[in-house]
Amino acid sequence: MRQKELTDLFKSVRERRPLVHHITNYVTVNDCANITICAGGAPVMADAPEEVAEMTSFAGALVLNIGTLNAAQVESMILAGGMANDRKIPVILDPVGAGATRFRTATVQRLMDELKISVLKGNAGEIGVLAGAGGKVRGVDSHGLAGDVAAIAKDFAKSARLIVSVSGETDIVTDGKRTLLVTNGHPLMGSISGTGCMAASVTGVFCAVSDDLLNASAAALAAFGIAGERAAGEAKGPFTFKTALFDELAGLTPAMLARGAKIKKA
Amino acid sequence: MRQKELTDLFKSVRERRPLVHHITNYVTVNDCANITICAGGAPVMADAPEEVAEMTSFAGALVLNIGTLNAAQVESMILAGGMANDRKIPVILDPVGAGATRFRTATVQRLMDELKISVLKGNAGEIGVLAGAGGKVRGVDSHGLAGDVAAIAKDFAKSARLIVSVSGETDIVTDGKRTLLVTNGHPLMGSISGTGCMAASVTGVFCAVSDDLLNASAAALAAFGIAGERAAGEAKGPFTFKTALFDELAGLTPAMLARGAKIKKA
Amino acid sequence: MRQKELTDLFKSVRERRPLVHHITNYVTVNDCANITICAGGAPVMADAPEEVAEMTSFAGALVLNIGTLNAAQVESMILAGGMANDRKIPVILDPVGAGATRFRTATVQRLMDELKISVLKGNAGEIGVLAGAGGKVRGVDSHGLAGDVAAIAKDFAKSARLIVSVSGETDIVTDGKRTLLVTNGHPLMGSISGTGCMAASVTGVFCAVSDDLLNASAAALAAFGIAGERAAGEAKGPFTFKTALFDELAGLTPAMLARGAKIKKA
């Protein structure tokens, strides 16, 4: 992405302050709400079937996260996702722990069958399982993946007709044709709970204001990664890092994003 | 309020350490628990119908917050609220996102119909919707309100026979006869998730030890606002601000509250 | 415990990074996840009946916490606990607020009847109620306990055939034969929500890698307590303390644990 595009995109985020509706887990939900604000969006979290469609109807993006999945929540995801699809707003799905249990894997497959997902954002293990390429998921962590992650993600994006966003030391964002690699970030991001979930929220914020969801997804990961790089310099440990991560994303300007983003074509 | 009243009230909070029972949302629940402790209270959060009435029976105040509303939770709110009414302990209702969905608006109306609410604490948009005076609520944010907020709040307090507490740059606390304006606070309080919910918890703590709920509600917002003012001086961004907000409220003394409170009659 | 044992145990935690499955409350769940990581484990939180047994099947320990109990969650606890018992992995039960309501007391008794609990970790009030020795529980706090806590805990451990771990100024860990006293910790640990829950998570992490659950439970409380002692030196208030608590536990080395642990036989 050119610097001008990044600058304009992030300016647009900050000016429009898009509402991002979440149906998400209760472990990292507060982190997701706050990172959404820090990125420049306005978070809403609601999951009652009585209101999720209505709440989604005025949102700019919908983030679905299965971190603490339950059956009732899946129905609400279907309702909210249906409204998002009708309104043509982007749906970001974070398949937390897919592959760890049959319930998670089956739920992700159901959500992908019944909804048009715009961006599937997972780690290598989760994406590997969903792509049928293996990948060992232990709990909600992932461990390795046979084969070339980028190639697997690309093929999967093409066949599933969505954007696959794989977080890792190098993030991979692909729509099956174009593939972008994002090398921003810091190892300390793996030392706290919730950075994966937060990355999905930031992706929602950026996708809410753009028609180019591939670029928006990559820009979101770059912005979040730059915040992580800057936060690492202030950290004495994982929690001072976490505090600084929010502060740095909130303080990130479009110019800083454009300068610091490490996004290249694969 | 006179300085002596404020000092005595806050001393009473710190000496009695009132138990404040919450039925609240899962986004900011941890913030509510910790701010309750920092204010001088003891938090309990429970929402199972099997135990909410019993848990409420030995509380000093009940805080109801519909931030992540669901049908089962409403039944528990009715049970807990009934016990609170029987025991004549104050019930604080935070109508998060009322007006955003029909489910939220109808639920608040049901709670107001079936329970005696002591303090309705919302933002201008939520209060405007509930008062039938308009107000546009987008998600859980509010945007403007036609007319004079103080006048609307006052009329609504009178007709609904409760205290209306409207948070904003100037907080408005009114029982329909007397109206207090609180001008403590800092814009950074709007940069994090949960300050509205936390203000309701602090209101619960103060109301638990007082018979004058109008003064107690205003004093609570002043205390929370002063903590925000002090925290702002230490903040590098929203999350260092949040950390300092808790520390400052915990460190606030009755004398500091009495000196720093900006409460005046409308 | 000898220093060598402590060093080896904590080295084992850090090398094996055990998965600790939690079925826990939504107030402190994020704290539990992060403290698990800081201690050296990998947290999973899931509570749907469709997946809890499967998720538990590859965990190293199971932590059950009834802080925001509901009926559906109890069924999931039974399912997960059954799998943990089958797989012979330790089950840590934190009976938050037992004694405060009949529902909580009865649920703990049911869990103890239907599952083999390895470690029951509560405060003096909760343990007193469960042991039938009195103890007044107000909300989720405890207030005093008639009689000698250590003696009550020891008798209860013997009759219930489990390890009783009582947190307090002096922690008491007993299997009914051997009793260990842990005097690490700092009063600021009582100034934030969730330290009790976090102690249970750290206990799960240590128990997951040891066959000697008495020593592992005491070592866990010592490690957590040392982190609290170190954090207190950096704190300006409860929340800077909390931030430092996570950082200090993450930075604690086996050598520091061995040097700083204050564990002695009763």
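Note on numbering: residues in each chain are counted from 1, in written sequence order. Key to labels: chains lettered from A, ligands numbered from 1, both in the order written. Per-residue local features of the predicted model are confined to residues with pLDDT of at least 70, and side-chain atom pairs are confined, for both listing and counting, to 80 or more; whole-chain, interface and lining totals are unaffected and use all residues. Side-chain measures here rest on the full set of heavy atoms in the structure, leaving out hydrogens and waters.

### A look at the overall build of chain A
So the rule is basically this: Numbering of helices and strands starts at the N terminus; helices are DSSP runs of H or I of at least 4 residues and strands are runs of E of at least 2. In this description the radius of gyration comes from C-alpha coordinates, and the expected globular size is given by 2.2 Å times residues to the power 0.38. Think of it in three bands: residues with accessible area under 20% of the maximum for their type are buried, residues over 50% are exposed, and the middle band is partly exposed, with areas taken using a 1.4 Å probe on protein chains only. We call two residues contacting when some pair of their heavy atoms lies within 4.5 Å. Calculation of accessible area relied on Shrake-Rupley with a 1.4 Å probe; when residues are assessed, cover is drawn exclusively from the protein chains displayed. Residues counted as positive are Lys and Arg, residues counted as negative are Asp and Glu, and His and the chain ends are not counted. Here the site of a charge means NZ on Lys, CZ on Arg, CG on Asp, or CD on Glu.
What chain A contains, in helices and strands, is 11 helices and 11 strands. Computed over C-alpha atoms, the radius of gyration of chain A comes to 17 Å, within 12% of the 18 Å expected from 2.2 N^0.38 for 266 residues, which places it in the range of a compact globule. C-alpha extents for chain A along the principal axes are approximately 40 × 40 × 35 Å. Going through the 266 residues of chain A one by one, you find that 66% of them count as buried. Put simply, 70% of the contacts in chain A that link residues at least 6 apart link residues at least 24 apart. Of the roughly 9000 Å² of accessible surface on chain A, 51% is carried by carbon and sulfur atoms. Taking the 27 positively charged and 26 negatively charged side chains of chain A as two groups, their mean positions are separated by 6 Å.

### A word on the interface of chain C and chain A
Quick note on the threshold: For any pair of parts, buried area is found by adding up, for both, the accessible area (1.4 Å probe) each one loses once the two are put together. When a carboxyl oxygen of Asp or Glu lies within 4 Å of a side-chain nitrogen of Lys or Arg, that pair is called a salt bridge.
The interface is formed by 28 residues belonging to chain C together with 28 residues belonging to chain A. Between chain C and chain A the total buried area reaches about 2300 Å² when both faces are included, carbon and sulfur atoms providing 56% of it. Along the contact surface separating chain C from chain A lie two salt bridges. As a salt-bridge pair, Arg 102 of chain A and Glu 54 of chain C come within 3.8 Å of each other at their nearest N and O atoms.

### Topic: the sheet that holds strand β4 (residues 91–94) of chain C
Backbone-to-backbone hydrogen bonds pair the strands of a sheet. The strands run either parallel or antiparallel. Residues and elements named next belong to chain C. To keep things clear, this is the line we draw: Two strands make a pair as long as DSSP finds a minimum of two bridges between them. For helices, the fitted axis covers only the stretch in contact; all axes are lines through C-alpha atoms, and the angles between them, taken along N-to-C directions, range from 0 to 180 degrees.
Strands sit in the order β2-β1-β3-β4-β5-β8-β9-β10-β11 across an open sheet of nine strands; the sheet is mixed. Looking at the sheet topology across the chains shown, the edges are occupied by β2 (42–45) and β11 (263–265). Mean inter-strand twist for the sheet, computed between neighbouring axes without regard to direction, equals 20°. Two strands pair when backbone bridges link them, and strand β10 (residues 179–182) and β11 are joined in this way by three bridges, in the antiparallel orientation. Following the sheet pairing, Val 182 is matched in β11 by Ile 263. Here helix α8 (residues 195–207) sits on the sheet and contacts β1 (19–23), β3 (61–65), β4 and β5 (119–123); the angle it forms with β4, its principal contact strand, is near 170°.

### Topic: the interface of chain B and chain C
Often, the extent of an interface is quoted as the loss of accessible area upon association of its parts. Rule in force here: Within 3.5 Å is the distance limit for a polar contact, defined as a pair of N or O atoms, with the added protein rule that one can donate a hydrogen and the other accept it, and that residues adjacent in sequence qualify only through two side-chain atoms.
Facing 28 residues of chain B, the contacting portion of chain C comprises 28 residues. Counting each side, the surface lost to burial between chain B and chain C is near 2300 Å², with a carbon and sulfur contribution of 55%. Our count for the chain B to chain C interface comes out at two salt bridges. The partner of Glu 51 of chain B in a salt bridge is Arg 104 of chain C, and the shortest N-O contact between them spans 2.8 Å. The interface formed by chain B and chain C contains 11 residue pairs in polar contact (both at pLDDT 80 or more). Breaking the side of chain B that touches chain C down by element, the ones donating at least two residues are α2 (29–39), β2 (42–45), α3 (52–57) and α10 (238–251) of chain B. In terms of residue count, α2 of chain B provides more of the side of chain B that touches chain C than any other element does, six residues in total.

### Quick word on the pairing of strand β3 (residues 61–65) of chain A
Residues and elements named next belong to chain A. Short version of the rule: A right-handed crossover is one whose linking path, passing over the helix from the first strand to the second, runs clockwise when the strands point away from the viewer.
Burial analysis of β3 places five of its five residues in the buried class, the great majority of the element. Residue alternation in β3 divides its side chains into two sets, Ala 61, Val 63 and Asn 65 and Leu 62 and Leu 64, and both sets are buried. Here strand β1 (residues 19–23) runs beside β3; their pairing, made up of four bridges, is parallel. Residue pairing across strands places His 21 opposite Leu 62, the latter belonging to β3. Of the strand pairs in this sheet, β3 and strand β4 (residues 91–94) are connected by four bridges, and their pairing is parallel. Residue Val 63 lies in a different strand from β4, and its bridge partner there is Ile 92. Handedness of the β3-helix α4 (residues 71–87)-β4 crossover: right-handed.

### Side note on the relation of the copies chain C and chain A
Rules: Copy-to-copy alignment: least squares on C-alpha atoms, limited to residues at pLDDT 70 or above in both.
When chain C is fitted onto chain A, the two copies agree to an RMSD of 0.0 Å after a turn of 120° and an axial shift of 0.0 Å. Such a combination of rotation and displacement between the chain copies is what one expects of a three-fold axis. If distances are taken from each C-alpha of chain C to the rotation axis, the shortest is found for Tyr 26 of chain C, at 3.6 Å. The two copies present different faces, since only 7% of the interface residues in chain C are matched by interface residues at the equivalent positions in chain A.

### Side note on the packing of helix α9 (residues 213–232) of chain C against helix α10 (residues 238–251) of chain C
In a packed pair of helices, the relevant descriptors are the angle between the two axes and the axis-to-axis distance. Residue and element names in this part refer to chain C. How we decide: Oblique is the label for every angle not falling under 35 degrees (roughly parallel), over 145 degrees (roughly antiparallel), or within 65 to 115 degrees (roughly perpendicular). If you view the pair so one helix is near and one far, a crossing is left-handed when the near helix is turned anticlockwise from the far one by less than a right angle, and right-handed when it is turned clockwise. Three residue categories are used. Nonpolar comprises Ala, Val, Leu, Ile, Met, Phe, Trp, Tyr, Cys and Pro, charged comprises Asp, Glu, Lys and Arg, and polar comprises the others, including Gly.
It is the contact of α9 with α10, at a shortest axis distance of 8 Å, that shows an interaxial angle of 130°. Comparing their axes, α10 and α9 come out oblique. Here the hand of the crossing between α9 and α10 comes out right-handed. Side by side, α9 and α10 meet where Ala 223, Phe 224, Ala 227, Gly 228, Arg 230, Ala 231 and Ala 232 of the first sit next to Phe 241, Ala 244, Leu 245, Glu 248 and Leu 249 of the second. For the contact of α9 with α10, the class distribution of residues is nine nonpolar, one polar and two charged.

### Observations concerning the relation of the copies chain B and chain C
Turning chain B through 120° and shifting it by 0.0 Å along the axis lays it on chain C, with an RMSD of 0.0 Å. By residue overlap, the copies meet through two different surfaces: only 7% of the interface positions of chain B are interface positions in chain C.

### A word on helix α7 (residues 149–160) of chain A
Residues and elements named next belong to chain A. Note the threshold: To estimate how far a helix should reach, multiply one less than its number of residues by 1.5 Å. In this description, one arc is meant: the one made by directions from the helix axis to the C-beta atoms.
Taking 1.5 Å of rise per residue, the 12 residues of α7 would be expected to cover 16 Å, and the 16 Å separating its terminal C-alpha atoms lies within 8% of that figure. Those residues of α7 not exposed but buried are Ile 152, Ala 153, Phe 156 and Ala 157. For α7, the buried positions fall inside an angular range of 130° around the axis, keeping them on one side. Looking at α7, the residues exposed on the side facing more than 90 degrees away from the buried face are Asp 155, Lys 158 and Ser 159. Here the buried face of α7 lies against α5 (102–114), β5 (119–123), α6 (124–131), β8 (163–167) and β9 (171–174). With a side-chain oxygen lying 3.0 Å from the backbone nitrogen of Ala 150, the N-terminal cap of α7 falls on Asp 148. Positive backbone phi, approximately 55°, marks Arg 161, located one or two places after α7.

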